[in-house]
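Fold and contact review
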Amino acid sequence: MFNYITNKENYISFMDDNYIDSYYEQRDYTEEESKVVVDTVIPDNHWYTIQKVKVYVNGLIEVIGARFFQPKDYNISKHIGEFIDGSVTIEFREKKGDPILQWEGVLSNGKIINYESSKTLREGVGRLVTGSDFDEYDKAPVVNKWLARSWIEDGEEELFFLVESREMLDDVATYYSLPVPYDDGLKTILDNDLQSIRLKSVDLNHEGEGNFVAIVVAGIVFEDNAATKIRLYKTSRWAE
Amino acid sequence: MAYGFEAKNDSGNIIINDTIENLHFIGKASRGSSSAGHGTISGYSGSNSTLDGRCIWTYTITSTGTPVAFIKPADYDRWHAIIKQSVSGTTWTFEVMISDTATENPPELYCFVNADDIPVPSGENYGMLVFKSDGTSKTFDSRRQPLAITGGDNAIPPEDPTNSSGTPGTSTGHAWNYATNDHDFRSSNQYTVVPDSSINTSNTMFSCPSIAQAVYKRQMHGHKSSCGCWIWNWCACGYQDHDSTAIWWVMYRSAFRLRYDSVAETGYFDAGWTGYASGYQFSSSWESGGWFGGGGGSYSSGTMPYTAKTINRLDNAYIVADSSRYD
């Protein structure tokens, strides 16, 4: 899965031969039986993917990462990734402060990616009235919901928005005169099964369970106040 | 030195003598700054966010004695209460809370003190002074207007300050991140009524301590559980719990309203509540995974000053008077 992460062989992806399903037979397990498998067969040093993210720019993968867990303690998870070009790796860690996005990304070059939720996201998740929708930025008018922003000290900034259709992505790309982020395969997914690449489902419109909004995320990267690229975040899960 | 004098009314009640300290009008307190807010629950944007709102005005007056303050409403539809009285040297400061966030129509504050604490008007060397047995301290001084009480009784606000039936409580079983308040925290319908024929809504002013306080909260717990990966009907990645808590709270002070029914031709002294402060807390937890899983955090627009309950709720004596005597 990884090429540059330290101990990369310990991070097991869905389709790897030694993913967690390889330790189970095709039958129902009781909790006790599963515990025996975990305690006796599954290696302690392996981390297994729960959610995998590929970040697309200009039809190519820029970053690959995942959320990993270990069967002996479901409550501990690790969130790491690497830039495909090997320039940096990234690990997320908890950071208090923002009411919704309580994490920061630590890059291997020592820089930190900071996150701030938007007023729209705060209102949608928790009916909060704080925050801003980043009106000081050059925002594509076709976007309906700006979700968050990130920034690196003396580095790039990124405005994240809710992708509601492939056409919206196209219009955003046209607005900034940038290439669309997806390739042909992703284009098909965006057109036919957009919600399958969601980061999360959230009751963003306060319509109750069954009407949660699939949060498909893309971001506009700004460098020196100029939009330089569009990122699309594709999340995949086990058996999808 | 001689002392003593006694005057009675037609009913034989003593009005002036050498032991009863009459209050005398020292002046209207000067109105200073105001702060308005809490027309909605602070920090919250959903249903049932509306509160009655309140505006707090600060007044000051200089007096060597402790003043008794009367509120003369400019808008008799609003609720009024003196929520704080303090002194620094001889400067007395009052905070008067009025329902609604509008800063128009602030009330006037008429202040009364003992005869001994009334400054002697320059050049007025005539009239009637009544001294106590010590021959030096006064109980009455005709050079200042004595307080004429025109009515009064006891009043007590209802225990529950909120318009919704019953006090708000805690409930579980809501959807994850559910944060829709279902309790009406306004107080407009929550008051007790004391008929008082001496009250009108032209000149009547009142004095009544705001002692009762209340804090109430609505709390909702939401939950969602999801499995990261199913391996042959076994949740091999473990269940991920998504929990959320939403809390709305309002703090109240007892407040009062003077009312007049022109049909019944009688007045009323209403004892109720006005929201003084409010807050909203929200927390939502799931894994802090950056792009790879979501996030979770908490927010608070304030912390409740004490646990939910009503305190200091007692019968309060109130007195009313005619403000036009002192204009």
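Residues numbered from 1 in each chain as written. Chains lettered and ligands numbered in written order. Predicted model: local features only at pLDDT ≥ 70, side-chain atom pairs only at ≥ 80, totals over all residues. Heavy atoms only, no water.

1. Description of the overall build of chain A
On a plain count of helices and strands, chain A comes out with 4 helices and 13 strands. By the compact-globule yardstick of 18 Å for 240 residues, chain A fits well, its C-alpha radius of gyration being 19 Å. C-alpha atoms of chain A, sized along the principal axes, occupy 55 × 40 × 40 Å. Taken over 240 residues, chain A has a buried fraction of 53%. Taking the contacts inside chain A whose residues are at least 6 apart along the sequence as the reference set, 50% of them involve residues at least 24 apart. Between the averaged position of the 26 positive side-chain charges in chain A and that of its 44 negative side-chain charges there is a distance of 2 Å. (Helix = DSSP H or I, 4+ residues; strand = E, 2+ residues; numbered from the N terminus. Rg over C-alpha atoms; globule rule 2.2 N^0.38 Å. Buried < 20%, exposed > 50% of the residue type's maximum accessible area, 1.4 Å probe, protein only. Contact = heavy atoms within 4.5 Å. Lys, Arg positive; Asp, Glu negative; His and termini not counted. Charge placed at Lys NZ, Arg CZ, Asp CG, Glu CD.)

2. Things to note about the nonpolar core
Formed by 45 residues in total, the largest nonpolar core has its most connected members in Ile215 of chain A together with Phe185, Trp248 and Tyr280 of chain B. Broken down by element, the residue count for this core peaks at 4 residues, all from strand E19 (residues 239–261) of chain B. Looking at which domains feed residues into this core, each of domain 1 (6–152) and domain 2 (156–323) of chain B gives three or more. Excluding anything up to four places from it in sequence, isoleucine 215 of chain A contacts Leu147, Leu162, Arg198, Leu199, Lys200, Val202 and Leu204 of chain A. (Core = buried A, V, L, I, M, F, W, Y, C linked by side-chain atoms within 4.5 Å. Domains from an automatic or database assignment.)

3. A closer look at the domain arrangement of chain B
Residues and elements named next belong to chain B. Entries for chain B in the domain assignment read domain 1 (6–152) and domain 2 (156–323). Relative to domain 2, the C-alpha centre of domain 1 lies at a distance of 31 Å. Both sides together, the interface formed by domain 1 and domain 2 hides about 3400 Å², and carbon and sulfur atoms give 60% of it. Applying the counting criterion to the domain 1 and domain 2 interface returns 0 salt bridges. Counting the contacts that link domain 1 with domain 2 gives 16 residue pairs in polar contact (both at pLDDT 80 or more). At 5 residues, the largest contribution of residues to the side of domain 1 that touches domain 2 is made by strand E6 (residues 68–72). The residue inventory of the side of domain 1 that touches domain 2, partitioned by class, reads 20 nonpolar, 13 polar and 5 charged. (Buried area = accessible area lost by both parts, 1.4 Å probe. Salt bridge = Lys/Arg side-chain N within 4 Å of Asp/Glu carboxyl O. Polar contact = N/O pair within 3.5 Å; in protein donor to acceptor, adjacent residues only side chain to side chain. Nonpolar A, V, L, I, M, F, W, Y, C, P; charged D, E, K, R; others polar.)

4. Side note on the side chain of lysine 52 of chain A
Residue and element names in this part refer to chain A. Along the chain, lysine 52 falls in strand E2 (residues 47–57). Buried and without a salt bridge, lysine 52 has aspartate 16 as its closest oppositely charged side chain, separated by 6.8 Å. Reaching out from lysine 52, the side chain makes a polar contact with the side chain of serine 13 at a distance of 3.0 Å. Those residues in contact with lysine 52, other than ones at most four positions away along the chain, are Met1, Ser13, Phe14, Ile64, Gly65, Ala66, Lys234, Thr235 and Ser236.

5. What to know about the interface of chain B and chain A
In this complex, chain B contributes 40 residues to the contact, which on the side of chain A involves 50 residues. Summed over both sides, the interface of chain B with chain A buries roughly 3800 Å², with 64% coming from carbon and sulfur. Across the chain B-chain A interface, the total number found is 0 salt bridges. Counting across the chain B and chain A interface gives 7 residue pairs in polar contact (both at pLDDT 80 or more). Among the elements that line the side of chain B that touches chain A, the one with the most residues is strand E21 (residues 297–300) of chain B, at 3 residues. Its residues placed into classes, the side of chain B that touches chain A shows 18 nonpolar, 20 polar and 2 charged.

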